[in-house]
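# Structural features, examined
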Amino acid sequence: MKIPPVKGTRDFYPPEMARHNWIIDGWKKASRRNGFEEYDGPIFEHLAMYQIKSGQEIVEQLFSLQDRGGRELAIRPEITPTLARMVNQRINALPRPIKWFSVPRLCRAERPQKGRLREFFQWNIDIIGEDSGQADAEIIFTTLDYLRMVGLTPRDVQAKISSRRLLATVLASIGIPTERLDALYAVLDKKPKLPAETFDALLAEQVPDPSQAGKIRDLMALDSVDRIAEIVASNEDLLKAADELRTVFDILRTMGVGEYCVFDPSIVRGLAYYTGVVFEVHDIAGELRAICGGGRYDNLLRDFGGPAISATGMGMGDCVLEILLEQRGIMEKQVPQPAIEYFVALADPEMARSVYEVTARIRAQGHAANFSYRQGGLSKQLKEAAGQKAAMCVIIGQEYRDKRQVVLKNMATGTQELADLEQFLSRLSS
Ligand code: HAM
């Protein structure tokens, strides 16, 4: 019986694994140079953890299971609740602000589509214990620092930034009751993915008054924080929320990534726990789903039984990113090809055992080395070496028997030199 791979999962053959590792290495490098420390948690948690605060969409996409003791568990669809749980457990021992990153493997039972799978990797960066816009700016800066590092420019990607606090104050001024906000956010978040009529119909279900709905549509289309006054009269809360957002933009400009950033009030975010600045990075052409998303979540630690400590963070999946990097030819140029450094070849059948010895000594110096398992002639072995993209062949022949010398063949240029084995090995260690 042939068993196919599970829908929405990927197999990472070595070339795909090389690309995958290159992405992960880049995420880790960007995290570390921006001052984040790595953490991880378990791949499954109590089901209730996601039911508390992740929001309806995530709950519907959970892979849940029951253990033998009848406990309801779920494979993690995101790591933010785990982070909140872990930080709560040690809150008094951890120096703040906490700047942590992680690259968890996550599962969501979504309908698989371009850029969205059922199993994926997600880079997370979070800052806990700092409620000023500086932390939001750091999260957005670190995200852009990575995208810029791999070669994506403001002509490729854009960070669309808004604020749930701003949105909430505008919606309150329009007359939307606070208890209706969560359901309304879920609809507003879907706007870019829906045809205009479908969105209007969903909005009318939440906001039946056409004048209120009209104001919400006008708000979604604004291109500057300063134009909010065109929608609602200013008040103290609104001024505060707008100022917070201006601070974030100001820091981002000063740190040199202002060109990537725009204000976009249609960014609401699907998850239920966001409370302040929110953002997503999209491809400029608008062909793909969001590359990443994040924002401030000031109540999550408290909702999980901890103190009221503010937090802000971001998650970036590997799927859309990979599509974009492929499209721009970035992967092709930057991902190192899997290659062996040394291939030890045998030119004198009587010296067969020396191949094992020399290979082992090269490996002991920390270099990748292989040899052929087949008893073939030298030309066959050189072909095998070329197939493995070996940089150099170390040929063991007559000279080795006579004087412990090997022939070093540069596989790119074809040039050969004779070298004393011990000298060659000592060169490898330096
Ligand atoms: P999210 O918007 O659910 O946020 O996911 C963030 C990113 O993860 C998306 O923009 C996308 O790149 C990737 N992603 C999500 N679902 C899938 C999928 N099915 N297949 C492939 N990629 C996917 C969160 O997860 C928040 N916990 C992020 C966060 C961290 N907020 C604060 N800290």
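Residues numbered from 1 in each chain as written. Predicted model: local features only at pLDDT ≥ 70, side-chain atom pairs only at ≥ 80, totals over all residues. Heavy atoms only, no water.

### Side note on the side chain of Asp136
- By the secondary structure assignment, Asp136 is in helix 5 (residues 133–149).
- When residues no more than four places from it in sequence are discounted, the contact partners of Asp136 are Val248, Val277, Arg296 and Thr312. (Helix = DSSP H or I, 4+ residues; strand = E, 2+ residues; numbered from the N terminus. Contact = heavy atoms within 4.5 Å.)

### Section: the packing of aromatic side chains
- For the structure shown, the criterion picks out 10 aromatic pairs.
- With a centroid separation of 6.1 Å and an interplanar angle of 75°, the aromatic rings of Phe12 and Phe121 are classed as edge-to-face. You can see Phe12 sitting in the segment before helix 1 (14–33) and its partner Phe121 sitting in strand 7 (residues 119–128), a full 109 residues away along the chain.
- Between Phe371 and Tyr373 the ring centres are 5.6 Å apart and the planes differ by 80°, which places this aromatic pair in the edge-to-face class.
- Accessibility expressed as a relative area gives 17% for Phe371, which makes it buried.
- For Tyr373, a relative accessible area of 75% gives the class exposed.
- Three or more aromatic residues joined by ring pairs form one cluster here, namely Trp27, Trp123 and Tyr146.
- The ring of Phe199 carries Lys191 above its face, with NZ or CZ at 5.7 Å from the centroid. (Phe/Tyr/Trp six-rings, centres within 6.5 Å; stacked < 30°, edge-to-face > 60°. Buried < 20%, exposed > 50% of the residue type's maximum accessible area, 1.4 Å probe, protein only. Lys NZ or Arg CZ within 6 Å of the ring centre and 35° of its normal.)

### Quick word on the pairing of strand 11 (residues 292–296)
- The element strand 11 is largely enclosed, with a buried count of five among its five residues.
- Note: strand 10 (residues 277–283) against strand 11, four bridges, orientation antiparallel. What sits directly across from Val281, in strand 11, is Cys292.
- Across five bridges, strand 11 lies against strand 12 (residues 311–317) in antiparallel orientation. Residue pairing for strand 12: Gly293 is matched across the bridge by Gly315. (Pairing = 2+ DSSP bridges.)

### Some points on the domain arrangement of the chain
- Here the domain parsing of the chain yields domain 1 (14–41 + 79–334) and domain 2 (342–429).
- Put simply, the middle of domain 1 and the middle of domain 2, counted by C-alpha atoms, are 53 Å apart. (Domains from an automatic or database assignment.)

### Considering the sheet that holds strand 2 (residues 44–46)
- Taking strand neighbours across the sheet as the criterion, the three strands line up as 2-4-3 in an open arrangement whose pairing is antiparallel. Looking at the sheet topology across the chains shown, the edges are occupied by strand 2 and strand 3 (64–66). With direction set aside, neighbouring strand axes in the sheet form an average angle of 35°. (Axes fitted to C-alpha atoms, helices over the stretch in contact; angles between N-to-C directions.)

### Details of the pairing of strand 17 (residues 416–420)
- Note that strand 16 (residues 405–410) and strand 17 share five bridges and pair antiparallel. For Val407, the partnering residue across the bridge sits in strand 17 and is Leu418.
- Here strand 16 hands over to strand 17 after five residues, with Gly414 in that stretch at a positive phi of 85°.

### Examining the sheet that holds strand 17
- Reading across from one edge, 14-13-15-16-17 is the order of the five strands in this open sheet, with mixed pairing throughout. A strand with exactly one partner marks an edge of an open sheet, and here the two such strands are strand 14 (369–371) and strand 17. Taken pair by pair, the neighbouring strands of this sheet meet at an average axis angle of 30°, ignoring direction.
- Across three bridges, strand 13 (residues 342–346) lies against strand 14 in parallel orientation. Residue pairing in the sheet places Tyr342 in a bridge with Ala369 of strand 14.
- Where helix 14 (residues 352–364) meets the sheet, it contacts strand 13, strand 14 and strand 15 (392–396), and its direction lies at approximately 165° from that of strand 14.
- Its contacts with the sheet place helix 17 (residues 421–429) against strand 13, strand 15, strand 16 and strand 17, and it is angled at close to 95° to strand 17.

### As for the site of the ligand
- If you check the shell around the ligand, you find 25 residues, and the closest are Glu78, Thr80, Leu117, Asp126 and Tyr274.
- Measuring from a nitrogen atom of the ligand, one finds a side-chain N or O atom of Glu78 at 2.6 Å.
- With respect to the ligand, the side chain of Tyr273 contributes an N or O atom lying 2.9 Å from a nitrogen atom.
- When isolated, the ligand has an accessible area of 660 Å², and the protein chains bury 96% of it. (Near = heavy atom within 4 Å. Polar contact = N/O pair within 3.5 Å; in protein donor to acceptor, adjacent residues only side chain to side chain. Areas by Shrake-Rupley, 256 points an atom, 1.4 Å probe, with all protein chains shown as cover.)

### Considering the side chain of Asp145
- Among the secondary structure elements, Asp145 is positioned in helix 5.
- Classification of Asp145 as buried rests on a relative accessible area of 7%.
- Separated by 2.9 Å, the side chains of Asp145 and Arg33 make a polar contact.
- The residues contacting Asp145, other than those within four sequence positions of it, are Arg33 and Asn34.

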